[in-house]
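Structure assessment
In case you want the letters, here they are:
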Amino acid sequence: MTFRRMAYQIFKANLRRYLLFFLCSSFTIMIFFIFYSLYTNPDFNDPYQVNGMVSGNLYAPFLVMRVFAVLFILYAQMAFVKFRKSDYGLLMVLGMTSHNIRKIIIFENSMIAIASILIGLGAGTVFSGIFFFFVSKFVDIGDSAFTLTIDSYLHTIIFFAVIYIVVIAVNLLLTLRYNMVRLLKESKTAERSLIHGKIAGFIGVVLLGIAVYDMLSHYSYTNGNAMLRSIGISIVGVYFLMSGLGGWMQLILSRSTGSYYKHLLFTSDLNYTLGRSRIVLSLITFLVFITISLSSIIFFITWDSQKIAVKNNPYHIAYTEVFGKNSITPEALNEITDHGATPLISHQELEYIDLFDFKIFSDQGINSLTGSDYHVEKGHFLNLALVAQGEELKNQRPEMPTFEMQLSSGNQTLHSQGFVLKMVFNPVPILMNGLHIIVNKDDYAALKAEHMNAIGNLQLLNFKDWKKTGEIDAKLNAALAKYNKDNTESWYGDDRHDVSAFSTKSRINEYSQLQESGRFGIIIFTFVGLLFFIASGVVLHFSILTDLERAKIKFRKLNKIGITSKEAAQIVGKPFKVLFFLPYVLGTALATFYVVSSSRIEMSTALAPFAFCLLVGGAYLVFQVLFYNVYTKIYTRNMLTHIQLLEIPLPEEK
């Protein structure tokens, strides 16, 4: 038999292992391409067709998808190589050199990489259209059309080609350490690591404590990097904790002599399992942490969307008349408001001066509108920042100390009298392209006389039920757009840009956008969550398969000393409980801590995000319980059949 024939026979005998690695790679590439095709869709990223809050929800999950693709393929490759090491050892016994082994590695991995990319792109091309259609049924994407760009294909190919090249290069370097005897014993030899034992576990606990302290002490509006630093320390801490947890659990159980000897087999097996699976457990913890964190945040924002819309829009509908724009007649406005689904109950106006870079308001006008008692001294001004209640600290900006008031009689310098942080009126788009200041009525009158063509009037409308103002807001925007197109010149040379700049700012519109963004986010993160759940199951399966031969040998020996099927079933399932549930509990705890800690600063609330973290984590745990029960039963039955404790003939006997 030639080496080529022998290699083919080994490949044929291990086809299931090749197929599993190939399917995992193809599936990862397909999911990546589906996300990237939507991420780069020009219509979907057009803010005039799709709400920016909707398309923006793709950034975080796609970033996580990149990290996941790298980690998942690297781990799948590691598991695949571990399967093959004993085969390489056999080939070296029969005379094959390390150079021949490298050729096999290059050939096998190249073929799998090329086939995975081709199959992944083909499946992604089909399912990306289905995914786009599914999204369009739940989210208003306007006239966006499904398109596939060359960039989406090229980027996917280059991204995964680089991953596979790195993987192959690392495997080729590792062949320099290949030894015939070591390779043959690989499948029956326990993994050894420099990072293990109780000291590693202690270091892990210390690192997690440092991460918690760093987050609580240093995270703020102005120091968002503290969270990234803390999360990085936590991930390293989790790895050390997983590396040393077995030693600590063994020590705790050994404190009780009766309990130690009763669970002696489980204790030793658990110590080995935790040490061998530290990378797997750390990876799953990371996936669970990311999924629960992002899902909880999007659920909370969707649930809190009504409060957010109310805080950001003190008036139900607002628009401004300035520079001849939006100057529809009172009769035209009444025609729209009088025939709406809910009656108009108040219509107020606020005059201001638009100097492009500065929007000037008088203290008298602001007081009349809001019932406040601001008094600006002559020669002074107040800095005004439109900030929702409870977000004052988050939106602090440097105070402008002076303002040059340009008059025909000469420039006059006004000095700051302080800061006003309050959502006085809706943040109408055209009003938000400059700084807002409040001046004394006399200074305002002097400026007004110099800039009569820059006088604007902010129109503020309130209705009986703002949730029924959607149609009114749409008709008003259509009327404003038509008036501006028929009676004024375009400012930006783009009709869509003009319409957006001079549109209304309404409570119902922001509420609808938040709801729509939330629905899309829930769809995306549910999809990502299911993907990570499947990936976690596959990673666990890889981890269990790499230790299958050792488990078979152990249970054969236990069978010879009289172990019963019931006892064997209990021994098989016990270590799995740690593998299946420890990363989910730890990932949920980390996600809850970081979401609650950041929400306390960013959103001035902690209870609701905490509840959503527990809700999402609980749902994840329910799925994991079901998966654990099914997987453990199948694995236990197969193991008992193998050691002939069940009256079922083995496959080779059939």
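Residues numbered from 1 in each chain as written. Predicted model: local features only at pLDDT ≥ 70, side-chain atom pairs only at ≥ 80, totals over all residues. Heavy atoms only, no water.

Thoughts on the overall build of the protein chain
- Within the protein chain one finds 22 helices and nine strands.
- Considering only intrachain contacts with a sequence separation of at least 6, the fraction spanning at least 24 residues in the protein chain is 83%.
- Accessible surface, the protein chain: about 31,800 Å² in total, of which carbon and sulfur atoms supply 63%. (Helix = DSSP H or I, 4+ residues; strand = E, 2+ residues; numbered from the N terminus. Contact = heavy atoms within 4.5 Å. Areas by Shrake-Rupley, 256 points an atom, 1.4 Å probe, with all protein chains shown as cover.)

Considering the sheet that holds strand β7 (residues 435-439)
- Pairing within the open sheet is mixed, and its nine strands lie in the order β5-β6-β4-β7-β3-β2-β8-β1-β9. Every other strand in the sheet has two partners, leaving β5 (402-405) and β9 (505-506) as the edge strands with one partner each.
- Strands β2 (344-354), β3 (358-362), β7 and β8 (455-463) of the sheet are contacted by helix α15 (residues 363-370), whose axis makes an angle of about 70 degrees with β3. (Pairing = 2+ DSSP bridges. Axes fitted to C-alpha atoms, helices over the stretch in contact; angles between N-to-C directions.)

Brief notes about the nonpolar core
- Counting residues in each nonpolar core, the largest one holds 90 residues, and the members touching the most others are Phe160, Phe520, Phe532, Phe580 and Tyr594.
- Ignoring sequence-local partners within four residues, the contact set of Phe532 consists of Val64, Phe68, Leu287, Ile290, Thr291 and Tyr620.
- Ranked by size, the runner-up nonpolar core spans 25 residues in total, among them Val376, Ala388, Val428 and Leu460. (Core = buried A, V, L, I, M, F, W, Y, C linked by side-chain atoms within 4.5 Å. Buried < 20%, exposed > 50% of the residue type's maximum accessible area, 1.4 Å probe, protein only.)

Quick look at the environment of Asn453
- Along the polypeptide, Asn453 turns up in the loop between α16 (441-450) and β8.
- Owing to a relative accessible area of 63%, Asn453 belongs among the exposed residues under this scheme.
- Each C-alpha atom, one on Asn453 and one on Asp354, is 9.1 Å from the other, the two residues being 99 residues apart in sequence.

Observations concerning the pairing of β7
- Counting buried residues along β7, four of its five residues qualify, which places the element largely inside the surrounding structure.
- Relative to β7, β3 is paired through five bridges, and the arrangement is parallel. Across the sheet, the residue bridging to Phe358 is Leu435, located in β7.
- Two strands pair when backbone bridges link them, and strand β4 (residues 380-385) and β7 are joined in this way by four bridges, in the antiparallel orientation. In the strand pairing of β7, Leu384 is matched with His436.

A short note on the pattern of salt bridges
- Using the criterion set out here, one finds eight salt bridges in the structure.
- Glu351 serves as the salt-bridge partner of Lys448, at 3.1 Å between the closest nitrogen and oxygen. On the criterion of sequence distance, the pair formed by Lys448 in helix α16 and Glu351 in strand β2 is long-range, its members being 97 residues apart.
- Looking at Lys448, the relative accessible area reads 26%, which means it is partly exposed.
- Here Glu471 makes a salt bridge to Lys475, at a shortest N to O gap of 3.2 Å. Placement of both Glu471 and Lys475 in helix α17 (residues 470-487) is noted, with a separation of four residues, approximately one turn of the helix.
- By relative accessible area, Lys475 is classed as partly exposed at 40%. (Salt bridge = Lys/Arg side-chain N within 4 Å of Asp/Glu carboxyl O.)

Side note on the environment of Ile472
- By secondary structure assignment, the location of Ile472 is in helix α17.
- We classify Ile472 as buried; its relative accessible area is 3%.
- A C-alpha to C-alpha distance of 9.4 Å links Ile472 and Asp338, two positions 134 residues apart in sequence.
- If near-sequence neighbours (up to four positions away) are discounted, Ile472 is found in contact with Ile317, Ile336, Gly340, Ala341, Thr342 and Phe463.

Structural notes on the confidence of the model for the protein chain
- For the protein chain, per-residue confidence averages 82 on the pLDDT scale, and residues scoring 70 or more make up 83% of the total.
- When mean pLDDT is compared element by element in the protein chain, strand β1 (residues 317-321) scores highest at 97, while helix α10 (residues 257-262) scores lowest at 57.
- Confidence drops under a pLDDT of 50 for residues 647-654, and excluding neighbours within four residues, the segment shows eight contacts in the predicted structure. (pLDDT = per-residue confidence, 0-100.)

A few points about the packing of aromatic side chains
- What the rule picks out here adds up to 39 aromatic pairs.
- Between Phe32 and Phe160, the aromatic rings sit 5.1 Å apart at their centres with planes inclined by 85 degrees, giving edge-to-face as the arrangement. Placement of the pair is Phe32 in helix α2 (residues 15-39) and Phe160 in helix α6 (residues 150-174), with a sequence separation of 128 residues.
- For Phe160, a relative accessible area of 0% puts it in the buried group.
- For the pair Phe381 and Phe403, a centre-to-centre distance of 6.4 Å together with 65 degrees between the ring planes defines the contact as edge-to-face. (Phe/Tyr/Trp six-rings, centres within 6.5 Å; stacked < 30°, edge-to-face > 60°.)

Concerning the pairing of strand β6 (residues 412-421)
- In the sheet, β4 pairs with β6 via five bridges, with the strands oriented parallel. Across the sheet, Asn383 pairs through a bridge with Phe419, a residue of β6.
- Linking β5 to β6, which pair antiparallel, is a turn of six residues; within it Gly410 sits at a positive phi near 130 degrees.

Side note on α16
- Burial in α16 covers these residues: Asp443, Tyr444 and Leu447. Buried residues of α16, viewed axially, fall in a sector of 100 degrees; they line one side.
- Where the residues of α16 are buried, they touch β2, β3, β4, β5, β6 and β7.
- One side-chain oxygen at the N-terminal end of α16 lies 2.7 Å from the backbone nitrogen of Asp442; it belongs to Asn440. (Arc of directions from axis to C-beta. Polar contact = N/O pair within 3.5 Å; in protein donor to acceptor, adjacent residues only side chain to side chain.)

Observations concerning the side chain of Asn326
- Relative to the helices and strands, Asn326 is located in the loop between β1 and α14 (330-338).
- A distance of 2.9 Å separates a polar side-chain atom of Asn326 from the backbone oxygen of Thr320.
- A polar contact is formed between the side chain of Asn326 and the backbone oxygen of Phe502, at a distance of 3.1 Å.
- Among all residues touching Asn326, those that are not within four sequence positions of it are Tyr319, Thr320, Glu321, Leu480, Tyr483, Asn484 and Phe502.

Side note on the side chain of Asn484
- Within the secondary structure, Asn484 sits in helix α17.
- Relative accessible area serves as the criterion here: at 9%, Asn484 is assigned to the buried category.
- Sequence-distant contacts of Asn484, that is, excluding residues within four places in its chain, are made with Lys325, Asn326 and Phe502.

Observations concerning α14
- Those residues of α14 lying buried are Leu333, Ile336 and Thr337. Buried residues in α14, looked at end-on, bunch into an arc of 90 degrees, giving them a common side. Opposite the packed face of α14, turned more than 90 degrees from it, sit the exposed residues Glu331 and Asp338.
- Structurally, α14 contributes buried residues whose contacts are with β1, β2, β8 and α17.

Here we look at the environment of Tyr594
- Locating Tyr594 in the fold gives a position in helix α21 (residues 565-602).
- Placed 305 residues apart in sequence, Tyr594 and Phe289 show a C-alpha to C-alpha distance of 9.4 Å.
- Ignoring sequence-local partners within four residues, the contact set of Tyr594 consists of Ala211, Met215, Met227, Ser230, Ile231, Ser234 and Phe289.

Remarks on unusual backbone geometry
- Positive phi is not limited to glycine here, since Asn326 has a value of about 65 degrees.
- For Asn326, a relative accessible area of 1% puts it in the buried group.
- One non-glycine residue with positive phi stands out, namely Phe356, at about 65 degrees.

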